[in-house]
Every structure is written in C-alpha cells, then in structure tokens.
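# Structure at a glance
Letter by letter, the chains look like this.
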2 protein chains.
Amino acid sequence: MIEIKGGVCAPKGFLATGIRCGIKPGSQKKDLALIYSQKSCNAAAVFTNNKVKAASIRLSQEHIADGKLRAIIANSGNANACTGREGMDAARRMAQAASGILSIEPSQVAVASTGVIGVPLPVDLIEKNACLLKASLRDDEQGHSDALEAIMTTDTRRKEIAVEIEIGGKPVRIGAMAKGSGMIHPNMATMLAFITTDAAITGGALDSSLRHAVKRSFNRLTVDGDTSTNDMAVILANGEAMNKEQITINNEHSEMINGKSDYDIFSGALEHVCASLARMMARDGEGATKLVTVTVTGAGSEDTAQALAKSVASSSLVKAACFGADANWGRVLCAMGYASASMPGADFDPEKTSVSFKSRAGEVQVCRDGGPVSFSEEKAKLILLEEEVEIFISLREGNGTASVWGCDLTYDYVKINGDYRS
Amino acid sequence: MIEIKGGVCAPKGFLATGIRCGIKPGSQKKDLALIYSQKSCNAAAVFTNNKVKAASIRLSQEHIADGKLRAIIANSGNANACTGREGMDAARRMAQAASGILSIEPSQVAVASTGVIGVPLPVDLIEKNACLLKASLRDDEQGHSDALEAIMTTDTRRKEIAVEIEIGGKPVRIGAMAKGSGMIHPNMATMLAFITTDAAITGGALDSSLRHAVKRSFNRLTVDGDTSTNDMAVILANGEAMNKEQITINNEHSEMINGKSDYDIFSGALEHVCASLARMMARDGEGATKLVTVTVTGAGSEDTAQALAKSVASSSLVKAACFGADANWGRVLCAMGYASASMPGADFDPEKTSVSFKSRAGEVQVCRDGGPVSFSEEKAKLILLEEEVEIFISLREGNGTASVWGCDLTYDYVKINGDYRS
C-alpha cells in the first residue's frame, strides 16, 4: 500500500467540486460540495445513532437502502437538523438539485449537511448555484481540494488521504476526505467522511469492510463527548479499477497474497484510510493543542480495551491535565474506574494496572500495579509538552488492545463553543 | 420545616472540629476534620460506584456494614486513592487515631479523604495531631464551621445547611456539610457529604431515606462528568431528639400529619437538605460562573427525565454555550438525542420536544415541536447572562419530571485542572 495524492478524485472515474453559494452569511468561504461517479456505484454508509437525526441523515438513509449511489452533495454552514418538515423538504430539494444537473435519479444522491443546528436551510441558494456546481466539476486533485474546503466548518486542518493497493494484478485506489472538529464522540459513525474507490467490490463486501473500518477508526475518536446529529461516513465503489474478480467477503476465487485475500487487502487499506482521517480529526479537535492517543493493552477483550481507553480520552480532567502537561495519572485510573462501573463486562483489576506517558521526548512510567512509582516530574512534563502524546495503559488481564484518539481541553475550546452560532 | 444555623452540630449530641495538621504542604489551611456523636448512632451511607475506590471508601464500607457509626474522620489534600496496600494501612490508622481519642471501637469510625490521587497519605501527621483534634471538639456552630473548612479543596463556597422539623411533637434536626467542586458526576453517591440528625429512626428507615434523597439530589448533579474515586454521603442518627416513636419505614404507629407519616416528613427534610447541598455544589463547580438547572418534564418516566436532563447538563457544548450566554438550543436536542440512543428506555420524540430558557430576567421559548421558533436573541442573551439559569424541556410523553444541576464550562475550569497537582 502506498499513499498517493488526489483525495476522492484519485480513484478512476470520480469528479468533485466545491463552490461558495452563500449559506455561510458574510463569509467568502466555500460551502457547497459535490462528489460524482461517472459510472454507477455500489455504496455503503454508516450514520449517527443520535436519536435526533438531521434531515440529510434521514434522507440519505432512504437513498442508500438499495446499496447504490452515484453522487454526494454536501453543504457546510447549516446542519439542517431540528428543522422540522421543512428540513426534510430542503434535503429532498438538495438531492433533486444534484440529480437534475447530473441527469441521475434523486435516489442516487446522498445528502450531507454540517453547521449550526436549528436554523432553516436556505436551499434556494443551493438550487440557484446548481449549474455553477456542475460546470466546475473536475476529475483532478483541485476538484477534490475544492470539495474538501466546502465541507469545513471550525476545522483548521485538511483531513484527506488516498492510497493505492494491488488487487488481482490491478492498481486499486481509495480516496477520502473528512471534516470534523467539535461535537465529536462517534458511535456507529461520525462527522462527515466521504470515501471513493475504483475497486470492483460487491455491495455486501463494501458494507462489511466499511463497518469494520469505522469501528476501528471513527468509533475510537472523541473530541468532546458530544455525538453529533449529522455524522455520516459513506463510500462509493465504481469498479473502474477493473480488478478481474469482484471483491467478495468470502473471496473464494481470489488468490491469497501473503495469506491475505483481496477482501483482506481492501479492508486493511480502508481501515488505514479511516484511521488516518480519525487521527487528523482528533489532532484538529476544537481548540486542541495536541493529539492524545490512549492505548489500553492486556484487557480481557478488544471491546473492554476500547471502552476503557475511550473513557480516559473523554475525561475532561484528563484532557485538562494534558493541556497543562501535568502527569496526573490518578485521573486516568479514575476515568477507567467509572467506565468499568457503568459498563458490564468492561472489567479490570486496578491493582494490576500500570500507566506510562510517551511521546517523541521519551517515556515515563507513573503507575505500577495501581499504585504510585517515583518518577521525574521534569521528564514527565517534557514528554507531555509534545504535540503528540500517548497514555499507555497495561492491564495484564488478556490480549485485548485498542487505541482511542482524542485531544486536550483548552481555553480555546471554551472560546470557540461559547459563541459558535454568531 | 425551617432552616436553622449550626450545620452538623445543630442536632443534639453532636460535636465537630477541624484543624490543620500539614497534609496540604505549604498551606495554612485546615485539612483534618472530626465529627462525633456522644451517643451511639444508627448510620447509613452511599459510596461511589467507581471501580477504583479510595482506601477510605473501602474501609468505611467495612465499618458501616453493621449499620452503626459514631464518628467521621476526614482529611483534605490527599485522596488516599490508588495508593495500594499502604493506602489501606493508612486508612486503618486514621480510624484508629479517631477511635483512640474518643475511646470507641475503630469500626465505629467512618474515614473519608479528598484531594490528589496517587500520592501516599502522610498518616503520621494525623496521628501526631489526634490529641489536638480531640481538644478542639465543640458542640456549636464554630465546631461545624471548622470541620467544614477542613474538608474543602478547590471549593470556593461553603456547602452547609441545617433544618428543623417536628416529629411526634418533638423538634427533630438534620444538619449537613458537603465539599465538592470538580470530578463531580455522581452515580450512587458523590463527593463528601456528612449529615447528622438527632432523630430516633431505625437503621432500615435511615438507609432507605438516605438512598431516596441521594437519588434525587447528588445523583442529579454534574460538574464535569468525572465520577470520583472518593464519593461518600453518610448520615448519623443518634436519637437524642427523643421523638416518641422511632421512625420506621412503614410507620404503622405514627399519626399522619397532613397525610404524611413521620417517615415521609423525615425523608422530605433529608431530601431538601441533600438537594440544597447538590445545588450549592453545582453553583461552585470548578471555574463555574453560573448554576445551570436542566429540567425535563413530560417524559415517559422519572428515570427517562433524569437521564435526558443529565445528558444535557453534562454536554461540554451546552456548558460552553451557557458560559457564552448563547441560546444554542440545537445542542440541547443533540445531547438528548445521543443519551436516548445509548440508553434503552430513555426514549422521546424529538418532534414533540419544546425548549425554553429561563432566569430571573425572564423566559424565552427557542424550540417548539423539535423545530425553531423565532425569538429575540437579545432577550435570550439577557436571560442567559444571569447567574442562575434554567433549561426547561417539555416532551409531552408522560408525567416523568426531573431536574439536574450543573454549571457552565469556563476558561477557569481548564486553568484549575490544567495544573491541579502542583
């Protein structure tokens, strides 16, 4: 697997664009994106499990039901959530605007929105600019780049990746973009992630592969514990790579390469793509100054490791300590302890627990067997002052391991969210 | 019921004190408290359900097992949590220090600690100062006040209350103190709350009454979503009020006053005491500028109302919006939505949900039937700028109602917790 340029336009047969249609009032930023496949696609998606779902989510759930999509239209600046029946009408009109210019069925279009909740979406601005949207579609990196800019809100960094793998002797590509900075605590799916691939792959294999990748990437990401109303990760596969045998879950026809089936190779690459985007989102968490990776190893199961790691990464006290570069490991055990108490099965023995802090600047153990060990506060401070730090927890219970990505809690998080609407 | 002065010394037969023994290095603040009943007591307590429990919690659980206690010894400045076997030894030595000076059994002493986690407790300082502790015991408000000061850490306000009710023609008093400002997201119990009463009441009735009160008070409180390792609420009842019939759960012997049994009257007063302390704790949340009460009404059940209200009060985004006085009601629905998704039974229909913001400055409805209503942003801002605000949510599903107390998320929360240990 190699990383390549081009984002969602790297796979063959995909076009993209992003323009400004005026949804973000008083801003010159792009706010409307379109991604389009010249051929029909198998598609898979996962959506937020928030009970309060944006209109775009509910409509896209309808449209993905048959496993086919050819386009994604997305706006930033307005979440089209909590907008009642008019919100559903607006989402339908968005899909129609895209289907009209592309001459495809509206049911072939996924709709995504991100931005402020509870404000009616000015869908007429989207309709008015549909022609411009079509005219600006491109099949190169610029198209991808414009689309990515158009879905960003409080993001300060670009989240994009593309990779190439070989399947059945043919190069197969996966390209992706994502946005997400706040209201991030995914469950099922997260934020917006748009992924394209030219792999020939069955709908079932695509769905299975996406769910597996999401579980190990976006579902291991937290910025502020708030699961959004608008989370969506969607992948379109148009088969243009012409890999000889379509990838299936069982892959009984495919040659095994190094013990891996075509499905394994594709899934590994997709997990890499999603995990890379998840790390980029944590690193760009609202107000964050650092990426905090929490790794739990030696847990009774992978799920237990994930639950405990997520609780540590979500703790306001742990996050504030990371901001202050304070080696306050007691808060780490505390966060594991209350997670364990509230989740049956997420058990561990505090007295067998060890904790270390790691970064480029070194590693320091701060807790062994649930109790303190003497360590250099100075060294710990240097380690925690780095931009990427890891809290490494060992449980000595079993083989379950998981890493969760989060960030620190800073003055700027409070500032950004004290007045987001205006 | 009338509110009176005197705190935990208001009920007959209770003494208290607080001194400085040097656990908080470099500080002149008091750090060691003792509360003592001259007669033996029925006692009840609830403890943190965090899997990682402080040594003081585990020892106090042992000591309360027979339903009898006569004293509480508590220190601030050190949580004696994650301190291994030595931590348990230190907790036992604390109990012995108190039992020695009071000439009672160590098993009659509850032990509580609060402060930094993972640092060995310098219990020799407590032993050395035990005589001073005994010499300074008082039965008046000053004794209560000294004890209260000695359990405070980042608290900036005193949490204390005492009430008098009449049972069987006799005045019965309940006095209480609490500490708590951060690491507050109780489940089962919270923070430290010490309650005394001179009521004659059976152990069973006392336990039942305390659990009911805690469920409706401390368990409806959140500052930062972090359930502490050291939470404890304990009540001692010494019977000195000499109310004729001992209060029992069934109270078959007691006269009904306005349809209320002695047990009802006592429980009502205890709930008032605990709820008052819970509000004081939310108001004094670390860095908080305001008390935020989230009320959910019309839910399918009281438990559903509580779960939804707690999710809203816990949301970092809602809390930051309160700090910024931003009427960002979409975040309120979002927080209810993800709570509902993760808790079976905590169901509601977003399309029947209405939200208002209230304070001394007035009331403004911001959402009706899950969608926006037009409102004056200026008026909403004025309402949210007050020091006590309420987020009022109506669901039109049933009769379940609950209020949860929280606070805003501020720069100072980040500051306080970015460097708590040093």
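Throughout this description, residue numbers start from 1 for each chain and increase along the sequence as written. The order in which chains are written sets their letters, starting at A; the order in which ligands are written sets their numbers, starting at 1. Thresholds applied to this predicted model are a pLDDT of at least 70 for local features of residues and 80 or more for the giving and counting of side-chain atom pairs; totals over whole chains, interfaces and linings are not thresholded and use all residues. To obtain the side-chain values, all non-hydrogen atoms of the structure were included, while hydrogens and water were left out.

This paragraph deals with helix α11 (residues 377-384) of chain A. All names here are of chain A. Type-normalised accessible area, obtained with a 1.4 Å probe on protein chains alone, sets the label of each residue: buried when under 20%, exposed when over 50%, and partly exposed for intermediate values. The numbering of helices and of strands both runs from the N terminus, where a helix is a DSSP run of H or I of at least 4 residues and a strand a run of E of at least 2. The set of residues buried in α11 consists of Ala380, Ile383 and Leu384. Down the axis of α11, the buried set is contained in an arc of 90°. They therefore lie on one face. Across from the buried face of α11, at angles greater than 90 degrees, the exposed residues are Glu378 and Leu382. Any two residues having at least one pair of non-hydrogen atoms within 4.5 Å are treated as being in contact. The secondary structure elements touched by the buried residues of α11 are α9 (316-323), β11 (354-359), β12 (362-368) and β14 (388-394). The directions from the helix axis to the C-beta atoms are what the arc is built from.

Working definition: a ring pair exists when centres of Phe, Tyr or Trp rings (six-membered ring for Trp) sit within 6.5 Å. Plane angles under 30 degrees give stacked, over 60 give edge-to-face, the rest tilted. Within this structure, the stated rule accounts for three aromatic pairs over all chains. On the basis of an interplanar angle of 70° and a centroid distance of 6.2 Å, the ring pair of Tyr411 of chain A and Tyr411 of chain B is categorised as edge-to-face. Of this pair, Tyr411 of chain A sits in helix α12 (residues 411-418) while Tyr411 of chain B sits in helix α12 (residues 411-418), on two different chains. On the basis of relative accessible area, Tyr411 of chain B is assigned to the partly exposed category, the value being 32%. Between Phe323 of chain B and Tyr411 of chain B, the aromatic rings sit 5.3 Å apart at their centres with planes inclined by 85°, giving edge-to-face as the arrangement. With Phe323 of chain B in helix α9 (residues 316-323) and Tyr411 of chain B in helix α12, this pair connects stretches of sequence that are 88 residues apart. An aromatic cluster of three or more residues is present, and its members are Phe323 and Tyr411 of chain A together with Phe323 and Tyr411 of chain B. Sitting above the plane of the Phe392 of chain A ring, Lys358 of chain A keeps its charged end 3.9 Å from the centroid. Lysine and arginine charges are scored as sitting over a ring when NZ or CZ, respectively, is within 6 Å of the ring centre and within 35 degrees of the ring normal.

The next subject is the packing of helix α1 (residues 55-64) of chain A against helix α2 (residues 84-102) of chain A. All names here are of chain A. Each axis is a line fitted through C-alpha atoms, and for a helix only the stretch in contact is used; angles between axes span 0 to 180 degrees, taken between their N-to-C directions. Orientation of α1 relative to α2, taken along the N-to-C sense of each, is 55°, at an axis distance of 8 Å. Between α1 and α2, the angle falls in the class oblique. With respect to the hand of their crossing, α1 and α2 are arranged in right-handed fashion. In this structure, α1 uses Ala55, Ser56, Arg58, Leu59, Glu62 and His63 to contact α2, whose residues at the interface are Gly87, Met88, Ala91, Arg92 and Ala95. Residue polarity follows a fixed list, in which Ala, Val, Leu, Ile, Met, Phe, Trp, Tyr, Cys and Pro are nonpolar, Asp, Glu, Lys and Arg are charged, and the others, Gly among them, are polar. For the contact of α1 with α2, a count of residues per class yields five nonpolar, three polar and three charged. Any angle that falls under 35 degrees is termed roughly parallel, while one over 145 is termed roughly antiparallel, one within 65 to 115 roughly perpendicular, and all others oblique. Whether a crossing is left-handed or right-handed is set by the direction in which the near helix is turned from the far one by less than a right angle, anticlockwise for left-handed and clockwise for right-handed.

Right, let's get into the interface of chain B and chain A. Facing 57 residues of chain B, the contacting portion of chain A comprises 57 residues. A simple way to read buried area is as the amount of 1.4 Å-probe accessible surface that goes missing from two parts once joined, with both sides added. Here chain B meets chain A over a buried area of about 4600 Å², counting both sides, of which 58% is carbon and sulfur. A side-chain nitrogen of Lys or Arg and a carboxyl oxygen of Asp or Glu constitute a salt bridge if their distance falls within 4 Å. In this assembly, chain B and chain A are joined by two salt bridges. Close ionic contact of Asp347 of chain B with Lys51 of chain A constitutes a salt bridge, the shortest N to O distance being 2.8 Å. Contacts described as polar in this section are N or O atom pairs within 3.5 Å, which, within protein, must combine one atom able to donate a hydrogen with one able to accept it, while residues neighboring in sequence count only if both atoms come from side chains. Applying the counting criterion to the chain B and chain A interface returns four residue pairs in polar contact (both at pLDDT 80 or more). Of all the secondary-structure elements, those providing two or more residues to the side of chain B that touches chain A are α9, α10 (330-342), β13 (371-372) and α12 of chain B. At eight residues, α10 of chain B tops the list of elements feeding residues into the side of chain B that touches chain A. Of the residues in the side of chain B that touches chain A, the class split is 24 nonpolar, 20 polar and 13 charged.

Residue and element names in this part refer to chain A. Being paired, for any two strands, means DSSP has found at least two bridges between them. In spatial order, the strands read β13-β12-β11-β14-β10-β15; together these six strands make up an open sheet with mixed pairing. Where the open sheet ends on each side, the last strands, each with one partner, are β13 (371-372) and β15 (400-407). Across seven bridges, the pairing between strand β10 (residues 291-299) and β15 is antiparallel. Bridged to Ala299 within β15 is Gly400. Along the sheet, helix α10 (residues 329-342) makes contact with β11, β12, β13 and β14, crossing β11 at roughly 120°.

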